[in-house]
Amino acid sequence: MPRRSAIRRYNVRVLWLSLLYTVLLCSAVYGFNRHLLTGPVAWIAGILPALPIIGIFVAIGRYLIEEQDEYLRMLMVRQSLWASGFALSIATLWGFLEAFDLVGHIESYYVAVLWFGGLGLGALANKLTMERGA
């Protein structure tokens, strides 16, 4: 049996976690919108959609550990640094604006959304850097 590459294992993990996230989020939204969830079940339903997102963070960490190619690992680290810098910068700016009552409140789970958007910016930065170096 041929050994699968680290990026392939990463992609499979992220795909399954994304599908699980979709199912859990849709189920929770359905349950809460129809007032079907109360008490401890509501807490569990509120937590469950976060777990696959946390799993994706773990999958990225596992990829960094499993990837043997130092260059590919460096690209993912740089991409993750872009994502972290972007998400933390926007969250910090918004936090100050919110503290001074200049903008409305945004739910904190959007920091993860910003982080994933920052992964896209990091991928673009990697691509531009590679094109410039070629």
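Bear in mind the structure is a predicted one, so any value in this text is a computation, not a measurement.

Trainee: Which residues make up the packing of aromatic side chains, and what values do they have?
Mentor: Within this structure, the stated rule accounts for five aromatic pairs. On the numbers, 5.5 Å between centres and 15° between planes, the contact of Phe57 with Phe116 is stacked. Here Phe57, found in helix α3 (residues 50-66), pairs with Phe116, found in helix α5 (residues 110-133); they are 59 residues apart in sequence, far enough to count as distant. Using a relative accessible area of 27% as the deciding quantity, one classes Phe116 as partly exposed. An aromatic cluster of three or more residues is present, and its members are Phe57, Trp115 and Phe116.

Trainee: Describe the packing of helix α1 (residues 6-33) against α3, naming the residues involved and giving the relevant values.
Mentor: When two helices pack together, their arrangement is captured by the angle between the axes and the distance separating the axes. Where α1 meets α3, the closest approach of the two axes is 9 Å, and the angle between their N-to-C directions is 175°. Relative to α3, the element α1 lies roughly antiparallel. Judged by residue contacts, Ala6, Ile7, Arg9, Tyr10, Arg13, Val14, Leu17, Ser18, Leu20, Tyr21 and Leu24 of α1 engage Pro52, Ile53, Gly55, Ile56, Ala59, Ile60, Arg62, Tyr63 and Glu66 from α3. Per-class residue counts for the contact of α1 with α3 are 14 nonpolar, two polar and four charged.

Trainee: Any chance you could break down the nonpolar core for me, citing the residues and the numbers?
Mentor: If you look at the biggest cluster of nonpolar residues, it comprises 13 residues, and the most contacted ones within it are Tyr10, Ile60 and Trp115. Residues in contact with Trp115, not counting those within four places in the same chain, are Phe57, Ile60, Ser80, Ala83, Ser84 and Ala87.

Trainee: Give a description of the pattern of salt bridges that names residues and reports values.
Mentor: By the definition in use, this model includes four salt bridges. Close ionic contact of Arg9 with Glu66 constitutes a salt bridge, the shortest N to O distance being 3.1 Å. Of this pair, Arg9 sits in helix α1 while Glu66 sits in helix α3, placing them 57 residues apart in sequence. With respect to class, Arg9 is no different from Glu66; both count as buried. For the salt bridge of Glu66 with Arg62, the shortest nitrogen-to-oxygen distance reads 3.4 Å. Taken together, the residues span about one helical turn, with Glu66 and Arg62 both in helix α3 at a distance of four residues. Accessibility expressed as a relative area gives 40% for Arg62, which makes it partly exposed.

What counts, and where the lines are drawn
- Residues numbered from 1 in each chain as written.
- Predicted model: local features only at pLDDT ≥ 70, side-chain atom pairs only at ≥ 80, totals over all residues.
- Heavy atoms only, no water.
- Phe/Tyr/Trp six-rings, centres within 6.5 Å; stacked < 30°, edge-to-face > 60°.
- Helix = DSSP H or I, 4+ residues; strand = E, 2+ residues; numbered from the N terminus.
- Buried < 20%, exposed > 50% of the residue type's maximum accessible area, 1.4 Å probe, protein only.
- Axes fitted to C-alpha atoms, helices over the stretch in contact; angles between N-to-C directions.
- Parallel < 35°, antiparallel > 145°, perpendicular 65-115°, else oblique.
- Contact = heavy atoms within 4.5 Å.
- Nonpolar A, V, L, I, M, F, W, Y, C, P; charged D, E, K, R; others polar.
- Core = buried A, V, L, I, M, F, W, Y, C linked by side-chain atoms within 4.5 Å.
- Salt bridge = Lys/Arg side-chain N within 4 Å of Asp/Glu carboxyl O.

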